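Below are the chains, spelled out letter by letter.
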Amino acid sequence: MKFRSLAIALCAVAISIPASAQTSDLAAIARSSGTPEIPGLKLVWLAPWGDISKAHPWRNIIVHQTEGPAGSARGGALEQNKNPTRRGVMVWVETDGTVYWAVAEHLIPTHGDGGNRNDNKYIDNGPTYRQVIGNNSVGVEFAGNYPDVTRGPTDAQVAAWRILVKVLRARYGIPLERVYAHNWIDYKDARYCEGCALAKMAREWGE
């Protein structure tokens with residue numbers, strides 16, 4: 001029994017060390033430049049990372065969902081890359097989990113509706129009203145809720161988001177409580193809660 005307990009303890013240590021090292025590695029990668037390989041992510045770089053000190057001072061993350069079919073994230077990202085400040089976001093996530101980094105991080109896409117929600121329906125809007133807006137927030141768009149807007153993200157999107165949100169937070173120094181669903185901070189489509197499940201997941205996953 002003693003040997004079995006020791007084996008279990010050693011196994012637990014062996015498992016915990018790689019997990020801790022992986023977190024450390026991810027943080028280091030998140031501060032790099034160029035087109036790094038990020039473990040666990042299939043990332044298509046349309047706009048490489050530059051020197052982090054020259055990036056726009058992003059303070060929040062806003063999770064969006066678009067009424068596009070499977071495959072539409074790639075098209076949206078390509079269009080965004082051609083016209084970075086059009087209505088859209090910096091990062092797009094396809095239904096198969098592929099992440100498209102579409103816009104250079106010193107440029108500001110047009111997204112959000114000015115942080116116009118002030119009814120405290122989902123969260124306390126005191127800190128967000130007219131404060132969590134497109135020009136201070138990284139936008140992440142998840143494609144695929146067409147034709148049923150109430151359809152949630154795919155398993156592949158959730159798996160990608162688990163890593164991506166950590167990378168974004170580490171790169172720009174964004175605290176967990178500043179990850180928002182679009183519907184939490186703006187009045188959106190009443191048929192569903194845009195981005196809510198994904199933002200909630202990120203907060204529940206924690207650090």
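Details of the structure are given in the entry above.
Residues numbered from 1 in each chain as written. Predicted model: local features only at pLDDT ≥ 70, side-chain atom pairs only at ≥ 80, totals over all residues. Heavy atoms only, no water.

Structural notes on unusual backbone geometry
Line of reasoning, step 1. Following Tyr146, the chain continues into Pro147 via a peptide bond in cis, with omega recorded as 5°.
Line of reasoning, step 2. Topologically, Pro147 is positioned in the loop between strand E5 (137-143) and helix H3 (155-172).
Line of reasoning, step 3. A positive phi is found at Asn120, a non-glycine position, where the angle reads about 55°.
Line of reasoning, step 4. Backbone geometry at Arg130 places phi at a positive 60°, although glycine is not the residue there.
Line of reasoning, step 5. Position of Arg130 among the secondary structure elements: in the loop between strand E4 (99-101) and E5. (Helix = DSSP H or I, 4+ residues; strand = E, 2+ residues; numbered from the N terminus.)

Let's talk about H3
Line of reasoning, step 1. End to end, H3 covers 26 Å across 18 residues, agreeing with the expected 26 Å (1.5 Å per residue, within 8%).
Line of reasoning, step 2. Remark: the principal bend of H3, roughly 25°, maps to Trp161.
Line of reasoning, step 3. Buried within H3 we find Gln157, Val158, Ala160, Trp161, Ile163, Leu164, Val165, Val167, Leu168, Arg169, Arg171 and Tyr172.
Line of reasoning, step 4. Residue Gly173 follows H3 closely and has a positive phi angle near 65°. (Expected span 1.5 Å × (residues − 1). Bend = angle between axes of the 7 residues up to and from the residue. Buried < 20%, exposed > 50% of the residue type's maximum accessible area, 1.4 Å probe, protein only.)

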